[in-house]
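Here's the letter readout for the chains.
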Amino acid sequence: MKRQRRSSRRRRGLRGLIASQPWAGPLLALALVVNGGALGYRFTEGWDWGDCYWMVLITLSTLGFSDEHTPLIHTGGRIVTALLLVGGLVVVQQTIQKLLELTNAGYFRRLRERRYRQLLKRTMNRHVILCGYGRIGREIAEQLSGEGVPLLVVENDADRIEEAQQRDLKVLQGDATLDETLEEAGIHHCRALVAALPSNAANLYVILSARGLAPRTRLIARADSEEAEGKLRLAGADQVVSPYVAGGRTMAATALRPLAVTFMDLLAGSDCEVEEFLLSEDPSQLGDLNGSSLAELQLGRRSGALVLAIRNPDPTGSATDSLIANPGGGVRLAPGQLLVVMGSQEQLQRFGALLGNGLSSVESMPA
C-alpha cells in the first residue's frame, strides 16, 4: 500500500514538472531513448558504456559511420539500431520542434526575465527606484550612480531600456503605475522612489500606488505645472520638483551666489550625505535628550557630523514649521523636532546611535 502511494506521488510530481516546464517532456523522452538504446546495446552486444553511447549518438544523428575500432554488430544490436532509427528520430524531431515553438513563443525570454526579477528581489535593498529614463531620468541616474547609490530603473520603452543597460544600470521592464511592478522593484525596502515620467498623470498614478503600498517610503515626483505639483503633494509626494523652476533657481543662484553653487557641486562629488533625523513625539522616549542643548550633548564632537538645521513642529498645527538654520550650542532638543545633519555615512550612523530610543525615523538623500 505504501509502495503504491509513493508511486502515485511520483507520477503526480512528474506530471506537475511537465506541466510547469513545457520543455521537460521532450527532453525526458529524448533522455529515455538515449539511455534505453545504450542499455539495449549493453545487453545485446556486451559493450562498455562508452561504445554503447557512441553507437546511440551516431545512430540518432544518422551518421552511421564505422572504423576498425568500431565493434561488429550482431542480430540483437541490429534490432536495437532499427528501433532507435524508427523511434529515436521521431523523438528527436519532436524535441527540436517543441524547443523551437517555445523559443518563437518567447517562453525562454520570459523565463530569463522572471529569473532576473527574482534576482532583483534578493539583491536590491536600500536602493532608489527611478521611474522613467527620459532626459530628466538620465540625469538623475548619472548623479545617483556617481554617488554610488544602488539604483533600479523602471522603464517600459525598449529603446530607453537598451540605453540604460548600455550604461550598466539595473533595469526592470514594466509599467511603473502598476502595484505589481512597484512590488517587484522592491518598494517595501527601497531608500526612495523618484517618479520622473514625462506625463503628470503617470507620475500621479505612480505616487498614489507607491504611497498606498509603502506609507513610510520617501517619494519624489516631477511636475510641469503648479496645478500638477499640488495634486502630487495631495497624492502623498514628499517632494515635488519642477525642472523649469529648479533650472531657473539654479541659474539665478549662479548669477547671485556662484560660490554657493560651486560648493554644492563639490559636495555632490564627495562622500558626504545629508540625513533627516526625526525625534520621537513622546518625551519619555527622548530621555536625557529632552531639554538638553546641543552644547551639553556634544553630538557634533562625539559623532563628527554637522547639524545644519533644526525644524521645530508648530504646536498650532499650521502648514509652516519654524526652521533654525545653523543652530548654535544653546538650541535645546524637544519632541517632534527634525534634525538636518551632514556627514559621512559612518558619522551619520554614530549620530543616530547617540540619539538612541529618541530617534523616530531617518530619511536620507545624497548631498
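Quick summary incoming for the structure in this document. (Residues numbered from 1 in each chain as written. Predicted model: local features only at pLDDT ≥ 70, side-chain atom pairs only at ≥ 80, totals over all residues. Heavy atoms only, no water.)

## Some points on the side chain of E155
Condition: Secondary structure counts use DSSP, requiring at least four H or I residues in a row for a helix and at least two E residues in a row for a strand, with both numbered from the N terminus. The classification of residues rests on relative accessible area computed with a 1.4 Å probe and restricted to protein chains. Under 20% of the type maximum is buried, over 50% is exposed, and intermediate values are partly exposed. A residue counts as positive if it is Lys or Arg and as negative if it is Asp or Glu; His and the chain ends are not included. When a carboxyl oxygen of Asp or Glu lies within 4 Å of a side-chain nitrogen of Lys or Arg, that pair is called a salt bridge. For this analysis, a polar contact is any N or O atom pair within 3.5 Å, provided that within protein one partner can donate a hydrogen and the other can accept it, and provided that sequence-adjacent residues contribute only side-chain to side-chain pairs. Note on contacts: a residue pair qualifies if any of its non-hydrogen atoms lie within 4.5 Å across the two residues.
Assignment of secondary structure puts E155 in strand β2 (residues 151-155). No salt bridge is formed by the buried E155. Its closest oppositely charged neighbour is R160, at 4.1 Å. Only 3.1 Å separates the side chain of E155 from the backbone nitrogen of D157, close enough to count as a polar contact. Excluding anything up to four places from it in sequence, E155 contacts G132, Y133, R160, I161, L172, Q173 and G174.

## Considerations on the packing of helix α9 (residues 200-213) against helix α10 (residues 226-235)
When two helices pack together, their arrangement is given by the angle between the helix axes and by the axis-to-axis distance. Selection criterion: Axis lines are fitted to C-alpha atoms, over the contacting stretch for helices. Their N-to-C directions set the angle, which ranges from 0 to 180 degrees. Note on angle classes: values under 35 degrees are labelled roughly parallel, values over 145 roughly antiparallel, values of 65 to 115 roughly perpendicular, and the remainder oblique. Should the near helix be turned anticlockwise from the far one by less than a right angle, the crossing is termed left-handed; should it be turned clockwise, right-handed. When residues are sorted by character, Ala, Val, Leu, Ile, Met, Phe, Trp, Tyr, Cys and Pro go into the nonpolar class, Asp, Glu, Lys and Arg into the charged class, and all the rest, Gly among them, into the polar class.
Following both chains from N to C, one finds α9 and α10 inclined at 15°, their axes separated by 9 Å at the closest point. Judged on the interaxial angle alone, α10 and α9 are roughly parallel. The way α9 lies across α10 gives a crossing that is right-handed. Contacts between α9 and α10 pair N200, N203, L204, I207, L208 and R211 from the former with A228, K231, L232 and A235 from the latter. When the residues that make up the contact of α9 with α10 are grouped by side-chain class, the tally is six nonpolar, two polar and two charged.

## Observations regarding the pairing of strand β3 (residues 170-173)
What counts, and what does not: Criterion used throughout: strands pair if DSSP finds at least two bridges between them. A clockwise course of the path from the first strand over the helix to the second, judged with the strands pointing away from the viewer, identifies a crossover as right-handed.
Pairing analysis gives four bridges linking β2 to β3, with the strands arranged parallel. Within β3, the residue paired with L152 across the bridge is K170. Assessed by its sense of winding, the connection that carries the chain from β2 through helix α7 (residues 158-166) to β3 is right-handed.

## Quick look at the environment of S225
Within the secondary structure layout, S225 lies in the loop between β5 (218-222) and α10. The class of S225 is partly exposed, set by a relative accessible area of 34%. Linking S225 and S242, residues 17 residues apart in sequence, is a C-alpha distance of 7.2 Å.

## Some points on the packing of aromatic side chains
Where we set the bar: Each Phe, Tyr or Trp ring (for Trp, its six-membered ring) is paired with any other whose centre lies within 6.5 Å, and the angle between the two planes then decides the class: stacked below 30 degrees, edge-to-face above 60, tilted in between.
Using the criterion set out here, one finds three aromatic pairs in the structure. Ring centres of W49 and Y53 lie 6.2 Å apart, and the angle between their planes is 35°; this geometry places the pair in the tilted category. With a gap of four residues between them, W49 and Y53 both fall in helix α3 (residues 49-60), about one helical turn apart.

## Comments concerning the pairing of strand β4 (residues 192-195)
Each regular strand carries side chains that alternate between the two faces of the sheet. A two-sided burial pattern is seen for β4, the buried positions comprising A192 and V194 on one face and L193 and A195 on the other. Where strand β1 (residues 128-131) meets β4, four bridges bridge the pair, whose relative direction is parallel. If you follow L130 over to β4, its bridge partner there is V194. Relative to β5, β4 is paired through four bridges, and the arrangement is parallel. Bridge pairing in β5 links A192 to R218. Each parallel crossover has a hand, and for β4 linked through α9 to β5 it is right-handed.

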